[in-house]
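Chain residues, written in single-letter form:
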Amino acid sequence: MSTDTRIESVLAWEALDSRGNPTVGTEVRLRGGGRGTAIVPAGASTGSHEARELRDGGTRHGGRGVRRAVANVGTEIGPAVRGLDAADQAAVDRIAREVDGTADLGRLGANAILAVSLANQLAAADGLREPLYRLLGDGAPPLLPMPMVNIVSGGAHAGWSMDVQDILAVPLGASSLAEAIEWAARVRRAAAELVAARDLTAALVADEGGLGPPLPGARAGLEIVTAAIERSGLTPLADVAIAVDVAATQLVGPGGYRLGERGTVIDSERVIATIAEWARAFPIVSVEDPLGEEDWDGWTRARDALAGLQVLGDDLFATDLSRLRRGIAAGAADAVLVKPNQNGTVSGTKAVVEEARQAGLATVISARSGDTEDSWLADFAVGWRTGQIKVGSTMRAERTAKWNRLLQIEAELGGAAEFAGRAALELRVRAPRAGLSRGPRSSSAG
Ligand code: 2PG
Ligand code: MG
């Protein structure tokens, strides 16, 4: 294999994601022999400002087929990037965007463009014989991220068994990625035991490998996860804290948000007050999408009212630079969720990470609820030093693919491995709560 990193060929096919829905797989081959393969993920609770994936419609796969996107790689994107230097990721992404010609990449499909962009990045690393995280790091030291691990799921990921979408464990007190994963797995097992003790099915898993028991609301889920932390012999908050993804865009309906007891509709102020109540009763350190994607004023008020929590924007920002800038100007959030397929290209996603960092926002790189066996997201987290990562629970192979890759990188780096630890969150939380570094607060669960 020579180090000629010019693109020789691009092949695409229709693959499946972890929900069994079609998605785009792509292989990029370089003249010197380097190769990269990527299969793109897809969300269920998608924001309306995401780059637009192309679906076929019709009857195949219930309309979700991606044959048109695959064909677009063969007829338009592939020919346009052939001969370019794969090591110049920005140039490859720029050409792919130009060929599409639309702002949301909807003509050729963001799924088609991201597949080529990712496969190109992987091929470049292979061609240059560098681990992907090293190439992405561009000289910066690698950083293992603090995981956010799904324990109890609801919303669109679990047939609406609970109103909020994710209740996650954040192993704040762990001193390595490996310890963080072990603690999270322990909490996941303890939560399953608690759910089973209530005569609810604990063996069935939701889309991201979390438990999906039917619960009356978020409080019940928060009680289970807090109790599971204690049952694991760990201290809530000091060892393992909780993150919540309200996924509130999904809760918006006529007259407000459907949050709380089934059917109740409340306004933004009441949503913020409800989250503040949860934060007083449970060891919560991060809240994602507390409000809907268009509720900009609400977000600014939420960030003020929830000082001490990391207020994290997913649908609000949609990994889009202009929305992120608007959010920074409005003081709408402390952190941005980073999903490559919301953006559409590797370099576009990187620009969002860099902009956030410059503005002092934390970055949480994230998988999708419909994900694939690929592990590149782990390398992106480490190379770009995102500090935090969310990929679902500690089971289901599309989830463990990312954890296992992080564990491999940590082992490879040995003593030189730097783990983000609690600083990943603490540095960003504007008014750290008294308990955050010192130990548990009182909890209503027991
Ligand atoms: C989210 C993601 C991942 P989805 O909302 O943060 O959990 O879900 O991929 O369905 O948008
Ligand atoms: Mg989310």
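Residues numbered from 1 in each chain as written. Chains lettered and ligands numbered in written order. Predicted model: local features only at pLDDT ≥ 70, side-chain atom pairs only at ≥ 80, totals over all residues. Heavy atoms only, no water.

Caption draft 1: Representation of the coordination of the magnesium ion (ligand 2) within the structure. Looking at the metal site, the magnesium ion (ligand 2) is ligated by Asp245 (OD), Glu288 (OE) and Asp314 (OD), spaced 2.1 to 2.3 Å from it. When the donors of the magnesium ion (ligand 2) are listed by position in the chain, the intervening gaps give D-x42-E-x25-D. Here glutamate 288 lies in strand β10 (residues 284-288) and aspartate 245 lies in strand β6 (residues 241-245), a separation of 43 residues in the sequence. The exposure class of aspartate 245 is buried, given its relative accessible area of 1%. (Donors = N, O, S within 2.8 Å, 3.2 Å for Na, K, Ca; no water. Helix = DSSP H or I, 4+ residues; strand = E, 2+ residues; numbered from the N terminus. Buried < 20%, exposed > 50% of the residue type's maximum accessible area, 1.4 Å probe, protein only.)

Caption draft 2: Representation of the confidence of the model for the protein in the model. The predicted model of the protein has a mean per-residue pLDDT of 94, with 95% of residues at 70 or higher. In the model, residues 430-446 has pLDDT below 50 throughout and makes 48 contacts with residues more than four positions away in sequence or in other chains. (pLDDT = per-residue confidence, 0-100. Contact = heavy atoms within 4.5 Å.)

Caption draft 3: View of empty space enclosed by the protein. Evaluated as defined, the whole model comprises 3 cavities of 30 Å³ or more. Its boundaries defined by the atoms lining it, the largest cavity holds a volume of some 80 Å³. What lines the largest cavity is a set of 17 residues, and nearest its centre among them are His157, Gln165, Glu208, Lys339 and Ser369. Each residue belonging to the lining of the largest cavity can be placed in one class, and the counts come to 3 nonpolar, 6 polar and 8 charged. Counting contributing residues per domain, the lining of the largest cavity is built from domain 1 (7-130) and domain 2 (146-445), each supplying no fewer than three. Roughly 50 Å³ of volume is contained in the second largest cavity. (1 Å grid on protein atoms, 1.4 Å probe; cavity = no way out; pocket = protein on both sides within 12 Å on 5 of 7 lines; lining within 4 Å. Points joined across faces, edges and corners; volume = space filled by probe spheres on them. Nonpolar A, V, L, I, M, F, W, Y, C, P; charged D, E, K, R; others polar. Domains from an automatic or database assignment.)

Caption draft 4: Spatial organisation of the domain arrangement of the protein. Domains assigned within the protein are domain 1 (7-130) and domain 2 (146-445). For domain 1 and domain 2, the distance between their C-alpha centroids amounts to 28 Å. With 30 residues of domain 1 at the interface, the matching set in domain 2 holds 30 residues. Both faces considered, domain 1 and domain 2 share a buried interface measuring about 2500 Å² in area, 52% of it formed by carbon and sulfur atoms. (Buried area = accessible area lost by both parts, 1.4 Å probe.)

Caption draft 5: Main features of the sheet that holds strand β13 (residues 362-366). Within the closed barrel, the 8 strands sit side by side as β4-β5-β6-β10-β11-β12-β13-β14. Their pairing is mixed. Taken pair by pair, the neighbouring strands of this sheet meet at an average axis angle of 25°, ignoring direction. Pairing of β13 with strand β14 (residues 387-392) involves 4 bridges; the strand directions are parallel. Residue pairing in the sheet places isoleucine 365 in a bridge with isoleucine 389 of β14. (Pairing = 2+ DSSP bridges. Axes fitted to C-alpha atoms, helices over the stretch in contact; angles between N-to-C directions.)

Caption draft 6: Inspection of the nonpolar core at higher detail. Core analysis: the largest hydrophobic core is formed by 140 residues, its most contacted members being Val164, Val246, Trp278, Leu306 and Phe380. Considering each element in turn, this core owes the most residues, 12 residues, to helix α3 (residues 110-127). Domain assignment of the residues forming this core places at least three in each of domain 1 (7-130) and domain 2 (146-445). Leave out the neighbours within four places in its chain, and phenylalanine 380 touches Leu118, Gln121, Leu132, Leu136, Val346, Ile365, Arg385 and Thr386. (Core = buried A, V, L, I, M, F, W, Y, C linked by side-chain atoms within 4.5 Å.)

Caption draft 7: The arrangement of the packing of aromatic side chains in detail. For the structure shown, the criterion picks out 2 aromatic pairs. Here tryptophan 376 and phenylalanine 380 contribute two aromatic rings whose centre-to-centre distance is 5.7 Å and whose plane-to-plane angle is 70°, an arrangement assigned as edge-to-face. Separated by 4 residues within a single helix, tryptophan 376 and phenylalanine 380 lie in helix α12 (residues 376-383), roughly one turn from each other. For phenylalanine 380, a relative accessible area of 1% translates into the label buried. Grouping aromatic residues by their ring pairs yields a cluster made of Trp376, Phe380 and Trp384. (Phe/Tyr/Trp six-rings, centres within 6.5 Å; stacked < 30°, edge-to-face > 60°.)

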